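What the coordinates show
In case you want the letters, here they are:
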Amino acid sequence: MATLHLRGGRIVDPASGRDEIGDLWITAGQIRHSRPAAEPDDVFDVRGCIVAPGFIDCRATFGEPGYEEDETISSGSAAAVAGGFTSIAAMPETDPVVDTRAAAEFVSRQAERAGLCRVYPLGAVTKSAKGQELAEIGQLIDGGAVAFTDGKRPVANAEVLRRALQYTGMQDRAILQHSQVPELVAGGVMHEGFYSTLLGLRGMPAAAEEIAVRCNIALAEATGGRIHLMGISTRNSVDEIRQAQARGVRVTADATPYHLLLTDQCLEGFDPNYKIDPPLRTADHAAALIEGLKDGTIGIISADHRPIAAEKKLRELDQAPFGICGLETLLPLCIEALILPGRLSWPELLAKLTTGPAELLGVPGGTLMEGGPGDVTVIDPDAPWTIDAARFRSLSRNTPFHGRSVRGQVRLTIVGGRVCHQPE
Amino acid sequence: MEVASAPSTKPWTRKHLVGLRGVSAEELQTIFRRAAEYKERARNGEPKSSELAGVVVANLFFENSTRTRTSFSLAARRLSADVVDFSASGSSLSKGETFIDTALTIQAMGADQMVVRHSSSGAPQFLTRHLNCSVLNAGDGTHEHPTQGLLDVFTIQERRGSLQGATVALVGDILHSRVARSNIWALKTLGARVIVCGPATLIPPHVTELGVEVSHSLDAILGEVDCLNLLRVQFERQRGAFFPSIAEYAHLYGMNGSRLLSARRDVLILAPGPINRGVEITPDVADGSHSMILDQVSNGLYIRMACLALLQEARRGSV
């Protein structure tokens, strides 16, 4: 296996608190802080760039099996490394749902065939993600599942969720919940507020999320289980999570850059690319999310990658599915929302893309410590570029950011000591 | 061209009419003047003109409608346009074609204007980004129904002379009503005071930010309104029950003969139809002397003629 030498970059490793200019080597697939015996096969001059642990997304949707028109594990892996990700946890909302050991092993197998980034299966909490009977969680763990979720269809039955938290707690695995009371958002298209009234679109009230957040926290508290709340989007949710964490409840949360940068007003043009779940909300909710990211209440950022084929997405707003194809645009959007306005430092931002998700999923990586896996992302933090959906590695193009001028580009993605992405 | 436009006003420049939000008072009056001209000429025995001769107007109705479609068809024919009728049933839509592809196909046949009705809010606006022809919204989901708003307001102005200072109540299902939104924009632009009145479950959140007042009691506001627009209860758009029973709704919000006694003596009663007799309005009120319902229907024809003609003038002007 090749030996790589990254020379003269700003090495930022949130796990160890390291932030200094220096050199880094990767040999035999592992990080080395000093020059190894072997002569490097490749030397990369990365002066002016940030050398970071490879990014990890705790919940991306790859569509395979069942929805290969949106994304395959292969195309999703290519999108991931282009976006600086070296590890992805794949959502189980496939057809069939990843609710058996065989289904989990299929995901791992396809990822090996793609040979780009590490892909960890997320298992369904319940059979067919129907929210009724527990899936074979023990077998799923043996098949490689790192955590559990029923995806965008949350486990709504409190008794089922209570048992699931008890059961996953045996092996200290987390349950990832999309916090929403289904009946309060039925048929909803966007945030319930002034713009939903103006546009005549069915609303999804903030209370639908906040009620579920409270319920999820209460059950985690009662069982001692680990719960992770995906895509938090309201001020009250952030407050509830902050208070629960202070009490010692094992609750974590993530946010997407979309909810930081965009508001419900974006729906004025009825463009389905702005239709996401949870919905874009108001500037006040966005400000609360930024506070939560700053004080650590929200420890993870996710691209909530949901690629959707154009023939399904570009249609009447109420009939278009939710989601943004996001892995390839996450970094510049985080820079725009958090770094450029001075809200987070680079180590703080990178922690939410590395150590945060690594701890949630219990997977290796997320750090540049000596001997750790050789998963490294090199970032040019100032490089200006224009987002062009036509150049996505993903099979899908559903982004509202096409044509946006941004800063910050991935220069190099290294997975296990192998260069998997290096734009010209 | 038989109708000479008034030289003092700016020419109409909108290529599409998807809603009344943002339409200026001057533009509203341009439409009303043109509608009044058509109405006057019809009264003088000249209902037909050749203004849109050679122009193809396509009616794309992705949602069932008889009244609005008939009104648009007749309006286009009165202006000598060629009219293509397309409805969702019995079309390629049932074969899985997307509505954009359907619209592109009709456009490729030479349509200059597309009159679009769709059950999804925003569908006509979405089409304007994909089509070169003009798009005239004939009602989209629970968003807007601009020609209905125009004909309602035109009917009131015709009777009162002006909307300035008038108090207009929109009664009933505001949440699901595209007619309510279009009415609110036009009424506010022309200086009216607007009250929306209905059960709390059918009043949308933040509606006061549109500049309207909210009431939950029809009896409480009856004495102060110059005009009541009784919106139809949209049973087909409601998910689940928004009020306990039709009888209770009629009891609280139905306009009947005894409520009429508490109203102003010159109150105007509008209903955008089709009306549910005995629900939002009783037959004696619907057919009584305060009722503007049939005036609304006939004015609808002239309003739609005016919109079609003005959009075509904007197209000619931009070439």
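All values reported here derive from a predicted model rather than from experimental measurement.

Turning next to the domain arrangement of chain B. Accessible area lost on assembly of the parts is the figure often given for the size of an interface. Residue and element names in this part refer to chain B. Under the domain assignment, chain B is made up of domain 1 (25–145 + 299–318) and domain 2 (146–297). Each of domain 1 and domain 2 has a C-alpha centre, and these two points are 26 Å apart. Contact with domain 2 buries surface across domain 1, with F32, H145 and N299 losing the most and accounting together for 30% of the total. At the junction of domain 1 with domain 2, the criterion picks out 18 residue pairs in polar contact (both at pLDDT 80 or more).

Residues and elements named next belong to chain A. Among the secondary structure elements, T377 is positioned in strand 16 (residues 376–386). A distance of 2.7 Å separates a polar side-chain atom of T377 from the backbone oxygen of G84. Those residues in contact with T377 that lie beyond four places of it in its chain are I50, V51, A52, P53, G54, F55, G84, T86, V410, L412 and T413.

Residue and element names in this part refer to chain A. Relative to strand 17 (residues 405–415), strand 16 runs antiparallel, the two being bridged by 8 bridges. The residue of strand 17 that forms the bridge with W385 is V406. The pairing of strand 17 with strand 18 (residues 418–421) spans 3 bridges and is classified as antiparallel. Counted as the bridge partner of T413 is H421 from strand 18. Linkage of strand 17 to strand 18, two consecutive antiparallel strands, is achieved through a turn of 2 residues, within which G416 is found at a positive phi near 55°.

What follows covers the packing of helix 1 (residues 25–43) of chain B against helix 5 (residues 146–160) of chain B. Residue and element names in this part refer to chain B. Axis separation between helix 1 and helix 5 bottoms out at 11 Å; the angle between their running directions is 75°. In terms of orientation, helix 1 and helix 5 fall into the roughly perpendicular class. Residues L28, Q29, I31, F32, A35, A36 and K39 of helix 1 lie in contact with helix 5, whose contacting residues are L150, V153, F154, Q157 and E158. Split by residue class, the contact of helix 1 with helix 5 holds 8 nonpolar, 2 polar and 2 charged.

This next bit is on the environment of R7(A). Residue and element names in this part refer to chain A. Structurally, R7 can be placed in strand 1 (residues 4–13). In this structure R7 comes out as partly exposed when scored by relative accessible area, which is 40%. Residues R7 and D304, spaced 297 residues apart in sequence, show a C-alpha to C-alpha distance of 33 Å. Beyond its immediate stretch of four places on either side in the chain, R7 contacts G22, D23, V43, F44, D45, V46 and R47.

In this section: the interface of chain A and chain B. If you look at the interface, chain A gives 22 residues, while chain B gives 25 residues. Of the roughly 1,900 Å² buried where chain A meets chain B, counting both sides, 55% is carbon and sulfur surface. The largest share of the area that chain A buries against chain B comes from T197(A), L198(A) and F270(A), three residues that together contribute 30% of it. Run the count over chain A and chain B and you get 1 salt bridge. Of the charged contacts, one joins R21(B) and E268(A) as a salt bridge, the two residues approaching to 2.6 Å between their closest N and O atoms. In terms of residue class, the side of chain A that touches chain B is built from 9 nonpolar, 6 polar and 7 charged.

All names here are of chain A. For the bond from E64 to P65, the omega torsion is 5°, close enough to zero to count as cis. For P65, the location among the structural elements is in the loop between strand 6 (55–60) and helix 1 (73–82). In this structure, P278 follows D277 across a cis peptide bond, with omega equal to 0°. Unlike most non-glycine residues, S128 shows phi in positive territory, near 55°. Structurally, S128 is set in the loop between strand 8 (118–123) and helix 3 (137–142). For A129, which is not a glycine, the phi torsion comes out positive at approximately 55°.

What follows concerns the sheet that holds strand 3 (residues 113–118) of chain B. Residues and elements named next belong to chain B. Reading across from one edge, 2-1-3-4 is the order of the 4 strands in this open sheet, with parallel pairing throughout. Bordering the open sheet on either side are strand 2 (82–87) and strand 4 (134–140), each of which pairs with just one other strand. The mean inter-strand angle of the sheet, taken between neighbouring strand axes irrespective of direction, is 15°. Alignment of strand 1 (residues 56–61) against strand 3, held across 5 bridges, turns out to be parallel. The partner of N59 across the bridge, within strand 3, is V115.

All names here are of chain B. Read across the open sheet, the 5 strands follow the order 7-6-5-8-9; overall the sheet is parallel. The strands lining the two open edges of the sheet, one partner per strand, are strand 7 (213–215) and strand 9 (268–270). Between one strand axis and the next, the sheet turns by 20° as a mean value, whatever way the strands run. Along the sheet, helix 5 contacts strand 5 (167–171), strand 8 (227–230) and strand 9; its crossing angle with strand 9, the most-contacted strand, is approximately 165°.

Residue and element names in this part refer to chain A. Domain boundaries in chain A define domain 1 (4–50 + 373–421) and domain 2 (55–361). With centres defined by C-alpha atoms, the gap from domain 1 to domain 2 works out at 25 Å. Listed as interface residues are 37 residues of domain 1 and, on the opposing side, 48 residues of domain 2. Between domain 1 and domain 2, a total of about 3,100 Å² is buried, with carbon and sulfur atoms accounting for 65% of that surface. Three residues, N398, P400 and F401, lead the burial of domain 1 against domain 2; their summed loss comes to 19% of the area buried on that side. Across the domain 1-domain 2 interface, the total number found is 2 salt bridges.

All names here are of chain A. Taking 1.5 Å per residue, 13 residues should reach 18 Å; helix 8 (residues 235–247) reaches 19 Å between its end C-alpha atoms and fits that length. Taken as a whole, helix 8 has its buried residues at S237, V238, I241 and A244. Considered in projection along helix 8, the buried side chains sweep an arc of 130° and stay on one side of the axis. Contacts from the buried residues of helix 8 go to helix 7 (206–223), strand 13 (226–230), strand 14 (251–255) and helix 10 (283–295).

Residues and elements named next belong to chain B. Under the criterion given, the structure shown has 9 aromatic pairs over all chains. Ring geometry for F243 and Y249: centres 5.0 Å apart, planes at 35°, overall tilted. A single burial state applies to F243 and to Y249, both of which are buried. An aromatic cluster is built from F62, F86, F99 and F126, whose rings are joined through pairwise contacts.

This part is about the pattern of salt bridges. For the coordinates displayed, the defined rule picks out 42 salt bridges over all chains. For the salt bridge of E336(A) with R404(A), the shortest nitrogen-to-oxygen distance reads 2.7 Å. Of this pair, E336(A) sits in helix 12 (residues 330–339) while R404(A) sits in the loop between strand 16 and strand 17; the two residues are 68 residues apart in sequence, bridging distant segments of the chain. Judged by its relative accessible area of 25%, E336(A) falls in the partly exposed class. For R404(A), a relative accessible area of 25% corresponds to the partly exposed category. Between E213(B) and R193(B) there is a salt bridge whose closest N-O contact spans 2.8 Å.

The rules behind these values
- Residues numbered from 1 in each chain as written.
- Chains lettered and ligands numbered in written order.
- Predicted model: local features only at pLDDT ≥ 70, side-chain atom pairs only at ≥ 80, totals over all residues.
- Heavy atoms only, no water.
- Domains from an automatic or database assignment.
- Buried area = accessible area lost by both parts, 1.4 Å probe.
- Polar contact = N/O pair within 3.5 Å; in protein donor to acceptor, adjacent residues only side chain to side chain.
- Helix = DSSP H or I, 4+ residues; strand = E, 2+ residues; numbered from the N terminus.
- Contact = heavy atoms within 4.5 Å.
- Pairing = 2+ DSSP bridges.
- Axes fitted to C-alpha atoms, helices over the stretch in contact; angles between N-to-C directions.
- Parallel < 35°, antiparallel > 145°, perpendicular 65-115°, else oblique.
- Nonpolar A, V, L, I, M, F, W, Y, C, P; charged D, E, K, R; others polar.
- Buried < 20%, exposed > 50% of the residue type's maximum accessible area, 1.4 Å probe, protein only.
- Salt bridge = Lys/Arg side-chain N within 4 Å of Asp/Glu carboxyl O.
- Expected span 1.5 Å × (residues − 1).
- Arc of directions from axis to C-beta.
- Phe/Tyr/Trp six-rings, centres within 6.5 Å; stacked < 30°, edge-to-face > 60°.

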